[in-house]
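Structural overview for review
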Amino acid sequence: MSSATPYHEGDLPPDRFLTTFLWEVRAPGRVEATGECPQCRCVITPYWMDVQYVAKGPTGSDRRKFDNGEPKPVVCACPAWHAGRPASVRNGCGFLFYIAMPPRRLGLAW
C-alpha cells in the first residue's frame, strides 16, 4: 500500500484535537481508538494497554492515564509507504496529533 502524501514530520497543537475517532475496549485492559490520520488520511488504530511495561516486566496498572480526560497524543503509524520516509522509521507519515477522549457518558470501564 502506498500513499500520495509524502513523509512530513509535523503536528497539530494539543488544543486542535480530533473528535472523529471511535473508542472501544477490545479486551480486558486494552483500549483502541480508530480513525483517520489528518495528514495522510490513512485509517489507524492506536491502542493503550492497562499494564505499563518496563525492562523487567509489568509495573502495574496504567489506567490513570485516562482519568483526566485530556486528549491523547498519537503519531501516525499507518502501513502505507510515504515518499521520503527515513529508513529508521518503519510506519506512518510522521504526523503527530491529538485525539479527544470519548464523552464521559460512554465510559471506558474495563
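The present account deals with the structure reproduced in this document. What you are looking at is a predicted structure, and each value in this text was computed from that prediction instead of being measured.

1. Brief notes about the environment of R26
Examined against the element boundaries, R26 turns out to sit in strand β2 (residues 22-27). In this structure R26 comes out as exposed when scored by relative accessible area, which is 52%. Separated by 21 residues in sequence, R26 and Y47 place their C-alpha atoms 9.5 Å apart.

2. Examining the pattern of salt bridges
Where charged atoms of side chains with opposite charge meet at close range, the side chains can pair. Counted under the stated rule, the structure contains two salt bridges. Its salt-bridge partner being E32, residue R30 comes within 2.8 Å of it at the nearest N-O pair. Here E32 falls in the buried class, since its relative accessible area comes to 11%.

3. Focus: the sheet that holds strand β9 (residues 95-99)
With mixed pairing, three strands are arranged side by side in an open sheet as β1-β9-β8. Sheet topology places β1 (10-11) and β8 (72-75) at the edges, where each strand pairs with a single neighbour. By the bridge criterion, two bridges tie β1 to β9 in an arrangement that is parallel. From the neighbouring strand, G10 faces β9, where its bridge partner is F95.

4. Let's talk about the pairing of β2
Bridge count for β2 against strand β3 (residues 30-36) is five bridges, and the pairing is antiparallel. Across the sheet, L22 pairs through a bridge with T34, a residue of β3. Two successive antiparallel strands, β2 and β3, enclose a turn made up of two residues, where G29 displays a positive phi of approximately 85°.

5. A look at the pairing of β3
Relative to strand β5 (residues 47-49), β3 runs antiparallel, the two being bridged by three bridges. Bridging across to β5, V31 finds its partner in W48. Here β3 pairs with strand β4 (residues 43-44) via two bridges, running antiparallel. Bridge pairing in β4 places E36 opposite V43. Linking β3 back to β4 in an antiparallel pair, the connection comprises six residues, with R41 at a positive phi of about 70°.

What counts, and where the lines are drawn
- Residues numbered from 1 in each chain as written.
- Predicted model: local features only at pLDDT ≥ 70, side-chain atom pairs only at ≥ 80, totals over all residues.
- Heavy atoms only, no water.
- Helix = DSSP H or I, 4+ residues; strand = E, 2+ residues; numbered from the N terminus.
- Buried < 20%, exposed > 50% of the residue type's maximum accessible area, 1.4 Å probe, protein only.
- Salt bridge = Lys/Arg side-chain N within 4 Å of Asp/Glu carboxyl O.
- Pairing = 2+ DSSP bridges.

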